[in-house]
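Analysis of the macromolecular model
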Amino acid sequence: MGLEPRTLELFYDVLSPYSWLAFEVLCRYKNIWNVNLQLQPTLIGGIMRDSGNQPPAMLPRKAVYMRSDVRLLSQHLQVPIHFPKDFFSVILKKGSLTAMRFLTVVKMEHPRMLEKVSRELWMRIWSRDEDITEPASILAAAEKAGMSMGQAQELLERVSTPQVKNKLKETTDTACKYGAFGLPITVTHLDDETHMLFGSDRMELLAYLLGEKWMGPVPPAVNARL
Amino acid sequence: MGLEPRTLELFYDVLSPYSWLAFEVLCRYKNIWNVNLQLQPTLIGGIMRDSGNQPPAMLPRKAVYMRSDVRLLSQHLQVPIHFPKDFFSVILKKGSLTAMRFLTVVKMEHPRMLEKVSRELWMRIWSRAAEKAGMSMGQAQELLERVSTPQVKNKLKETTDTACKYGAFGLPITVTHLDDETHMLFGSDRMELLAYLLGEKWMGPVPPAVNARL
């Protein structure tokens, strides 16, 4: 084909189950579509503050709806999401600051590990109802992703440096400049225009904008087609 | 095939562009999938009040986003939606009470006209062509004053309450009645998931016409 791959950014936070859904679908399509998928660790708390929005779960009926929506999407999209027992404590109190700073430094130092480490953090918080705020939790996720203890420890020590804090802040500000009021967002860079789409439910529209084929959330594996 | 068609309810308000998107996609699929599509005129203002929610447009960044989202979906789903410039200041303020009462009485008296009349109202509010012709809510008003009976008012209220009981915090919602379970889905962007729940095939928002396949 020979055409330049289009840059496709995914701004996400592991605190957000819909971010995980978007992430998995795009990871499946990144080797099918002619795109260069760039993962952007972002702080959803920062997006909320900057936009004046609030987490949907703050509205009782939305909180109820989210549970069944996430459960059905988890089945349809084949992503093993299970709501944590104490949702409000996990999501609204404990948050994801350290985890997202960790992913920020992973992206800075070992970008090829970013996908796996992100996934392991989601598996902890959104599949096995495990903590992601303690150092030991983050190290466990990094190790499971294939990092050595030494590597992971080194990166963890850097999460509180100004450089890493600022980088996460920068990425979050960028998402805000694109108009984000929540996560996940994708930003698609075409020749003549840039499109920001919100939500894990804009993937088919994304395919349309890219001029690519949508084969559902679980496309046939690339190797199966070669 | 011979299986009983599944009941699929669409609760909608013509004030809601996303309701129009859901409506058109389901009208395309109602003769492809084994479903009995039941259109339910509902008052989105009533849903908002009852749920404590507010229209997304009240948040500045969502208002900006909605314009481009609706424009792109309009292209992709092939529904001629054009965000009126004065939507927030005029149309949102005026609301849709009379239009939805009108559709309620159409459903009561001439149910087979409900699809067409609903589409016409969406065209008036959301299509540039209608704006140019100068059609206003006022003209509709004249007709509507003839149908403001308690019976019609109550029927709309009942349908809106039903949507609330299903857990609605906005529109559109679909309610799918399967043998063993009932599913409420929110938004025009749950159609592929709906197909999955029904065990039906999703062929995108503009499936090949039924007759073309016979």
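Residues numbered from 1 in each chain as written. Chains lettered and ligands numbered in written order. Predicted model: local features only at pLDDT ≥ 70, side-chain atom pairs only at ≥ 80, totals over all residues. Heavy atoms only, no water.

1. Some words on the overall build of chain A
In terms of helices and strands, chain A carries 11 helices and 4 strands. Over its C-alpha trace chain A gives a radius of gyration of 17 Å, about what one expects of a compact globule, namely 17 Å for 226 residues. Across its three principal directions, the C-alpha atoms of chain A cover 45 × 45 × 35 Å. The buried share among the 226 residues of chain A stands at 56%. Considering only contacts in chain A between residues 6 or more positions apart, those separated by 24 or more positions represent 73%. (Helix = DSSP H or I, 4+ residues; strand = E, 2+ residues; numbered from the N terminus. Rg over C-alpha atoms; globule rule 2.2 N^0.38 Å. Buried < 20%, exposed > 50% of the residue type's maximum accessible area, 1.4 Å probe, protein only. Contact = heavy atoms within 4.5 Å.)

2. What to know about the overall build of chain B
Scanning chain B from terminus to terminus reveals 11 helices and 4 strands. For chain B, buried positions account for 52% of its 214 residues. Residue pairs in contact within chain B that sit at least 24 positions apart in sequence constitute 73% of those at least 6 positions apart. Here chain B has roughly 10,700 Å² of accessible surface; of this, 53% comes from carbon and sulfur atoms. (Areas by Shrake-Rupley, 256 points an atom, 1.4 Å probe, with all protein chains shown as cover.)

3. Examining the pairing of strand β4 (residues 194-198) of chain A
Regular strands have side chains that alternate between both faces of the sheet. All names here are of chain A. Summarising the sheet, strand β3 (residues 185-189) and β4 pair through 5 bridges and their orientation is antiparallel. Bridged to Thr186 within β4 is Leu197. In this structure, the hairpin formed by β3 and β4 is closed by a connection of 4 residues. (Pairing = 2+ DSSP bridges.)

4. Brief notes about the sheet that holds strand β4 (residues 182-186) of chain B
Residues and elements named next belong to chain B. The mixed open sheet is built from 4 strands, whose spatial order is β2-β1-β3-β4. A strand with exactly one partner marks an edge of an open sheet, and here the two such strands are β2 (35-41) and β4. Taking the axes of each pair of neighbouring strands and ignoring which way they run, one obtains an average angle of 20° across the sheet. For strand β1 (residues 6-12) and strand β3 (residues 173-177), the ladder comprises 5 bridges, and the chain directions are antiparallel. If you follow Phe11 over to β3, its bridge partner there is Ile173. The strands touched by helix α1 (residues 17-29) within the sheet are β1, β2 and β3, with β1 carrying the most contacts at an inclination of about 155°. (Axes fitted to C-alpha atoms, helices over the stretch in contact; angles between N-to-C directions.)

5. Structural notes on the UniProt feature "active site" (unreviewed entry) in chain B
Residues and elements named next belong to chain B. The UniProt feature table records "active site" (unreviewed entry) at Ser16. Take Ser16: it is sitting in the loop between β1 and α1. Not counting the four nearest positions on each side in its chain, Ser16 is found in contact with Ile44, Trp122, Leu171 and Pro172. (UniProt positions renumbered as here; feature names shortened; annotations may be inferred.)

6. Here we look at the nonpolar core
Ranked by size, the top nonpolar core spans 148 residues in total, and within it Trp33, Phe102, Val117 and Trp126 of chain A together with Trp33 of chain B carry the most contacts. Those residues in contact with Trp126 of chain A that sit more than four places away from it in its chain are Val14, Leu15, Ser16, Pro17, Trp20, Pro80, Ile81, His82, Phe83, Pro84, Phe87 and Ile91 of chain A. (Core = buried A, V, L, I, M, F, W, Y, C linked by side-chain atoms within 4.5 Å.)

7. Brief notes about the packing of helix α5 (residues 97-109) of chain B against helix α9 (residues 150-165) of chain B
Residues and elements named next belong to chain B. For the pair α5 and α9, the least separation of the axes is 9 Å and the interaxial angle reads 100°. In terms of their interaxial angle, α5 and α9 are classed as roughly perpendicular. Between α5 and α9, the residues in contact are Leu97, Met100, Arg101, Thr104, Val105 and Met108 and Gln151, Val152, Lys153, Lys155 and Leu156, respectively. Residues of the contact of α5 with α9, tallied by class, amount to 6 nonpolar, 2 polar and 3 charged. (Parallel < 35°, antiparallel > 145°, perpendicular 65-115°, else oblique. Nonpolar A, V, L, I, M, F, W, Y, C, P; charged D, E, K, R; others polar.)

8. Overview of the confidence of the model for chain B
Taken as a whole, chain B shows an average pLDDT of 89; of its residues, 88% reach a score of 70 or greater. Note on residues 130-136 of chain B: pLDDT under 50 across the span, and 7 contacts to partners over four residues away in sequence or across chains. (pLDDT = per-residue confidence, 0-100.)

9. A word on the sheet that holds strand β2 (residues 35-41) of chain A
Residue and element names in this part refer to chain A. The strand order β2-β1-β3-β4 describes an open sheet built from 4 strands, whose pairing is mixed. Only two strands of the sheet have a single partner each, and these edge strands are β2 and β4. Across this sheet, the average inter-strand angle for adjacent strands is 20°, counted without regard to direction. Here 5 bridges tie strand β1 (residues 6-12) to β3, and the two strands are oriented antiparallel to one another. Bridge assignment links Thr7 to a residue of β3, and that residue is His189.

10. Let's talk about empty space enclosed by the protein
In total, this model carries 4 cavities of 30 Å³ or more according to the counting rule given. Size it by volume and the largest cavity reaches roughly 390 Å³. Considering the residues around the largest cavity, the lining is formed by 24 residues, among which Asp201 and Glu204 of chain A together with Asp189, Arg190 and Glu192 of chain B are closest to the centre. For the lining of the largest cavity, the secondary structure elements donating two or more residues are α3 (60-77) and α10 (203-210) of chain A together with α3 (60-77) and α10 (191-198) of chain B. (1 Å grid on protein atoms, 1.4 Å probe; cavity = no way out; pocket = protein on both sides within 12 Å on 5 of 7 lines; lining within 4 Å. Points joined across faces, edges and corners; volume = space filled by probe spheres on them.)

11. Section: the interface of chain B and chain A
Every contact between the two is made by 32 residues of chain B and, on the other side, 32 residues of chain A. In total, chain B and chain A occlude about 2,900 Å² of area from one another, counting both sides; carbon and sulfur atoms represent 57% of this. In this assembly, chain B and chain A are joined by 6 salt bridges. The residue Arg202 of chain A makes a salt bridge to Asp69 of chain B at a minimum N-O spacing of 2.8 Å. Listing elements by their share of the side of chain B that touches chain A, those giving two or more residues are α2 (44-51), α3, β4 and α10 of chain B. Looking at the side of chain B that touches chain A residue by residue, the classes come out as 17 nonpolar, 8 polar and 7 charged. (Buried area = accessible area lost by both parts, 1.4 Å probe. Salt bridge = Lys/Arg side-chain N within 4 Å of Asp/Glu carboxyl O.)

12. As for the packing of α10 of chain A against α3 of chain B
Between α10 of chain A and α3 of chain B, the least distance of the axes is 11 Å, while the angle of their chain directions is 75°. When the axes of α10 of chain A and α3 of chain B are compared, the pair comes out roughly perpendicular. Of α3 of chain B, the residues touching α10 of chain A (which contributes Glu204, Leu205, Tyr208 and Leu209 of chain A) are Leu72, Leu73, Gln75 and His76 of chain B. Among the residues forming the contact of α10 of chain A with α3 of chain B, the class breakdown is 5 nonpolar, 2 polar and 1 charged.

13. Some remarks on the UniProt feature "active site" (unreviewed entry) in chain A
Residue and element names in this part refer to chain A. What UniProt calls "active site" (unreviewed entry) maps, in this numbering, to Ser16. Along the chain, Ser16 falls in the loop between β1 and α1 (17-29). Here Ser16 falls in the buried class, since its relative accessible area comes to 4%. With sequence-adjacent residues up to four places away left out, Ser16 is seen in contact with Ile44, Trp122, Trp126, Leu183 and Pro184.

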